[in-house]
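Chain by chain, the residues run as shown.
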Amino acid sequence: MKFRVIPFLLCLILLSFDLAFAQSFTLSGTVTDKNGDPIEEVSIFVSEDTSKTDGTLPVQYQSKTSTNQLGNYVIRDLSPAKYIIIAYYPGKRTQSKTVRITDSPKEKNFQLKGFESEMAEVVVGGKQQQTNGITRLQAVEGVTINESKKNEVLVLDDMVVNKAANNTRQIYAKVPGLNIWQSGDAGIQTSVGGRGLSPKRNSNFNTRQNGYDIAADALGYPESYYTPPVQALKRIEIIRGAASLQYGTQFGGMLNFEFKDPPKNDPFQLNTNQSYGSFGLFNSFNSVGGTKGDVSYYGFYQYKTSDGWRPNSQLNQHTAYVSFDIDLTDKFTLTPEYTHMYYLAQQPGGLTDAQFYDDPSQSNRERNWFKVNWNIFALDATYIFNSKTRINSRFFGLLAGRDALGNLQRIDRLDTGGERNLLKDDFQNWGNETRLMHRYDFLDGISVFLAGTRFYNGYTHRRQGNGPAGSEPRFQYLNPSNLEGSDFDLPSQNRSVFVENIFNITPKFSITPGLRFEYIKTEAEGYYRNIVKDLAGNILVDERITEDRSRERSFVLFGIGSSYRPSSELEIYGNFSQNYRAMNFNDIRVDVGNLKVDPNIQDESGFNADLGIRGQVDNFFQYDVTAFHLSYEDRIGTVLRTEPNPKFNGLVDRTFRYRTNIADAKIYGIESFAEANLLKLFDLDTESRLSVFTNLALIQATYTESDEPGIEGNDVELVPPLNFKTGLSFSKSGFEASYQFSYVAEHFSDASNARRTPTAIEGIIPSYKVMDLSAKYSFSRFTLEGGVNNLMNEKYFTRRATGYPGPGIIPAKIRNFYFSVGIEI
């Protein structure tokens, strides 16, 4: 009997051990939005990687499930251990929580917030930090992939700057390497460029608003005559050259203006801001927004007027915008938008070097005018299939025109009156961009696939001829059926297909390759007049020459990026991306002074490469340092040439400007940004903020392999070798203040590296330094703002114009003041 009991006891002991080790538990919970409503198909990941507390998706996970229609989830058969629970849903900010399962079932609930509700802060390591006006794009946002790309996000509500005048020097101060043209036009146009690319009306960026095109012609005339009011913006996104795979072929990358969101918990909200400034500046900005049921809306109207700081500089501008977010179902949203902008500006013309140094405020042109009428239509449709897959389709169109009237002759010659030159461009463009994004399992983790298509049709009707004499803004041709200059129809077509994929190889390392196929067709049909006069004004030659050209090309662009994150506060990234910039016929037959264009001018090509490190230290110090190389082949530029002057029967030569593919360009540089919260650094007053930032770009840009004499080895124009900005910002309770200092080194304005010419079109841009001071105080529903721009009254210029608004030197604005009063109702 004794020996029979022993085996029985042994079986009981073994069975008890087996039951103990086989013990498992259940984890459950509910996921809701910020209003407490349940969210279906939220992905729930359970990972034993307890170091992953930064809210990003795990590459390896223990279990995975999704919430049901009531927002509930259940995960069974979990062994006793410590886990990280991550809730993910597209369009919501990912959340993570820690749970220790020991001897009973556990419950973990989540409340997911949208990105817009936390846009004024950046989350790193589970902590929150104020952006101080700048942050970075997440790896995936909406239907865009930003992984391993050099980018900046400017958060406008966190800035204390002169928003009434759209002061670009202040707004973009924390973006390293940007060259900004400051023409004193009260901010009606933005002109920024980087890495050796012309700032002219953002022409080297693919410029967008809420994700769709707003430029005159995205292919052949990518200049932006319209800039949204900064007071209406939530943020400005900038992605450098690697953006070419997703957004198009511009070397500079993508610049996107994103409007504010409607209030979600208020059916009606009114904001009004009235601003006054030096030289007759008045800016009235008024916006309304709200949400009622499944429909949200936002709109604004802006009126701006200014006398200008130089004579003959008056301005009147009207801008309006309206949009609706219509939730047709929980998964399908439509957003129609409409934008209108009209302005009439008198242009004081340019100056010669001698005139500028004598008195930069003078004007020698009183008959030059510029008119813009801009209408943008858009329809955005988003459908979310589930937590992993969504599709977005954007339709957009442009009906616009810009008219320039005045005397475009050399600025060193007086305007003696008579008929003026009139240029008219009418634009009719439409397009669609559709993107599909899908997340899928890969190597026990989550990877992201993006595919998209783009269809774009552009049409420009460009005319140039004689306009009326006098000084009034009468934009009418004297001989509309037989213009003295030219009359061309310039249609264009673009068809694109692109793919990009984030492969998360390990929890810390990702590779993001991409391809883009482009088909481009450009055409030109019309005539130009070849008129030659002698010194007495008699016509020697008058011939009408017709042209009918068409050019098609297709090609594939390739790019690849990589990101390594040793910790949640550090990222090392790099990328390589091919670029292409199509030449169009838009600028070939325009007679602007003594400019001629090579009829055999070709497209430009090349690539961008970045290697950078970015991150932050304990929420008091953030940084981003990037080394880059831009290879620019067949770069289009302007050189000086001579030819026999027909006015002297060819016995005397004349000098003229010739636009052609002048050379290949190699551009290298380092772009760095750093900002520190000094009070947190020294553990002082945590209720206040005192931060200092520095922004330094060192760039070397040289022309190589040129067929043009005197170009090879020259510096590339519009590339400051040193571009430095720094500043302080302070905030406590409702008071905020900022100080900024900018220094830009001397650089050239043309490829020949001329230091000074009689026309003032070519020559150096001397170094300059500028200071700005701004302050804001908010209390209850009121906001008071004020400041001084160009604090030390620096006399400087950033641009030598070849045509309008010159030609010649365009002086930057002298010291000026502004004051604003705002109220929210």
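Structure shown above.
Residues numbered from 1 in each chain as written. Predicted model: local features only at pLDDT ≥ 70, side-chain atom pairs only at ≥ 80, totals over all residues. Heavy atoms only, no water.

Is there a simple way to think about the overall build of the chain in this case?
If you tally the helices and strands in the chain, you get 5 helices and 47 strands. In terms of overall dimensions, the chain is globule-like: its C-alpha atoms have a radius of gyration of 30 Å, near the 28 Å expected for 825 residues. Along the first, second and third principal axes, the C-alpha atoms of the chain reach 135 × 55 × 50 Å. Burial statistics for the chain: of 825 residues in total, 56% are counted as buried. Counted over contacts in the chain with a minimum sequence separation of 6, partners at least 24 positions apart contribute 67%. Distance between charge centres in the chain, computed from 87 positive and 95 negative side chains, equals 2 Å. (Helix = DSSP H or I, 4+ residues; strand = E, 2+ residues; numbered from the N terminus. Rg over C-alpha atoms; globule rule 2.2 N^0.38 Å. Buried < 20%, exposed > 50% of the residue type's maximum accessible area, 1.4 Å probe, protein only. Contact = heavy atoms within 4.5 Å. Lys, Arg positive; Asp, Glu negative; His and termini not counted. Charge placed at Lys NZ, Arg CZ, Asp CG, Glu CD.)

It is not clear to me how the packing of aromatic side chains should be interpreted in this structure. Could you clarify?
Two descriptors summarise a pair of aromatic rings, namely the distance from one centre to the other and the angle between the planes of the rings. Here the structure, examined in full by the defined rule, presents 31 aromatic pairs. Ring geometry for Tyr-383 versus Phe-385: centroids 4.9 Å apart, planes at 75 degrees, classification edge-to-face. Note on Tyr-383: relative accessible area 31%, which makes it partly exposed. The structure contains a cluster of three or more aromatic residues connected by ring pairs, namely Tyr-221, Tyr-225, Tyr-343, Phe-370, Trp-374, Phe-427 and Tyr-804. (Phe/Tyr/Trp six-rings, centres within 6.5 Å; stacked < 30°, edge-to-face > 60°.)

Looking at this structure, how should I read a negative patch on the surface?
Together, Glu-633, Asp-634, Glu-705, Asp-707 and Glu-712 make up a negatively charged patch on the protein surface. Counting through the fold element by element, Glu-705 comes out in the loop between strand 38 (688–704) and strand 39 (722–732). Residue Glu-705 is classed as exposed on the basis of its relative accessible area, which comes to 61%. (Patch = residues over 30% accessible without salt bridge, like charges linked within 9 Å, V, L, I, M, F, W, Y side chains within 5 Å. Areas by Shrake-Rupley, 256 points an atom, 1.4 Å probe, with all protein chains shown as cover. Salt bridge = Lys/Arg side-chain N within 4 Å of Asp/Glu carboxyl O.)

Before we go on, may I ask you to explain empty space enclosed by the protein in this structure?
If a probe as big as a water molecule is rolled over the atoms, it shows which places are left empty. Applying the stated criterion to the full structure yields 12 cavities of 30 Å³ or more. Quantified by volume, the second largest cavity comes out at close to 770 Å³. Taken together, 44 residues line the second largest cavity, and the ones lying closest to its centre are Ser-183, Gly-184, Asp-185, Ala-186 and Gly-187. Secondary structure elements with two or more residues in the lining of the second largest cavity: helix 2 (168–171), strand 25 (332–347) and strand 46 (808–811). With 4 residues, the single largest contributor to the lining of the second largest cavity is strand 25. (1 Å grid on protein atoms, 1.4 Å probe; cavity = no way out; pocket = protein on both sides within 12 Å on 5 of 7 lines; lining within 4 Å. Points joined across faces, edges and corners; volume = space filled by probe spheres on them.)

What is the right way to read the pattern of salt bridges from this model?
If you walk through the whole model with that rule in mind, you get 47 salt bridges. Across the salt bridge formed by Arg-240 and Glu-671, the nearest N and O atoms sit 3.1 Å from each other. Residue Arg-240 is located in the loop between strand 19 (233–239) and helix 3 (244–247), and its partner Glu-671 is located in strand 37 (residues 653–677); the two are separated by 431 residues in the primary sequence. There is no split in this pair, since Arg-240 and Glu-671 are both buried. Arg-394 is the partner of Asp-380 in a salt bridge, and the nearest nitrogen-oxygen pair spans 2.9 Å. Placement of Asp-380 in strand 26 (residues 368–384) and of Arg-394 in strand 27 (residues 389–406) is noted, with a sequence separation of 14 residues between them. Judged by its relative accessible area of 18%, Arg-394 falls in the buried class. Beyond isolated ion pairs, a larger network of salt bridges with shared partners links Arg-136, Lys-150, Glu-152, Arg-195, Arg-240, Asp-610, Asp-624 and Glu-671.

When you look at the sheet that holds strand 20 (residues 254–259) in this model, what are you seeing that I'm missing?
Sheets are built from strands that pair by backbone hydrogen bonding, the pairs being arranged parallel or antiparallel. One open sheet holds the 6 strands; their spatial order is 11-14-19-20-17-18, and the pairing between them is mixed. Each edge of the sheet is formed by a strand with only one pairing partner; in this case those strands are strand 11 (134–135) and strand 18 (212–213). Sheet topology places strand 14 (residues 151–155) next to strand 19; 5 bridges connect them, and they run antiparallel. Across the sheet, Val-155 pairs through a bridge with Arg-235, a residue of strand 19. (Pairing = 2+ DSSP bridges.)

Is there a simple way to explain the pairing of strand 5 (residues 81–88) in this structure?
Taken residue by residue, a regular strand's side chains alternate between the two faces of the sheet. Most of strand 5 is tucked away: 7 of the 8 residues are buried. In the sheet, strand 2 (residues 43–47) pairs with strand 5 via 5 bridges, with the strands oriented antiparallel. From the neighbouring strand, Ser-47 faces strand 5, where its bridge partner is Ile-84. With 7 bridges joining them, strand 5 and strand 6 (residues 95–101) adopt antiparallel strand pairing.

Can you walk me through the sheet that holds strand 6 in this structure?
One open sheet holds the 4 strands; their spatial order is 3-2-5-6, and the pairing between them is antiparallel. Strand pairing shows two members of the sheet lacking a second neighbour, strand 3 (63–66) and strand 6, which therefore form its edges. On average, adjacent strands in this sheet sit at an angle of 20 degrees to one another, irrespective of strand direction. (Axes fitted to C-alpha atoms, helices over the stretch in contact; angles between N-to-C directions.)

Sorry, what's going on with the side chain of Ser-631 here?
Along the chain, Ser-631 falls in strand 36 (residues 621–644). Reaching out from Ser-631, the side chain makes a polar contact with the side chain of Lys-666 at a distance of 2.8 Å. In this structure, Ser-631 is in contact with Phe-251, Ser-605, Gly-606, Phe-607, Ala-665 and Lys-666, ignoring residues within four places of it in sequence. (Polar contact = N/O pair within 3.5 Å; in protein donor to acceptor, adjacent residues only side chain to side chain.)

Help me understand the pairing of strand 31 (residues 509–533) in this model?
Relative to strand 31, strand 30 (residues 486–504) runs antiparallel, the two being bridged by 15 bridges. Opposite Asp-489, over in strand 31, you have Glu-525 as the bridge partner. Bridge count for strand 31 against strand 32 (residues 539–567) is 25 bridges, and the pairing is antiparallel. Pairing of Leu-515 across the sheet is with Phe-558, part of strand 32.

These figures capture arrangement, not role.
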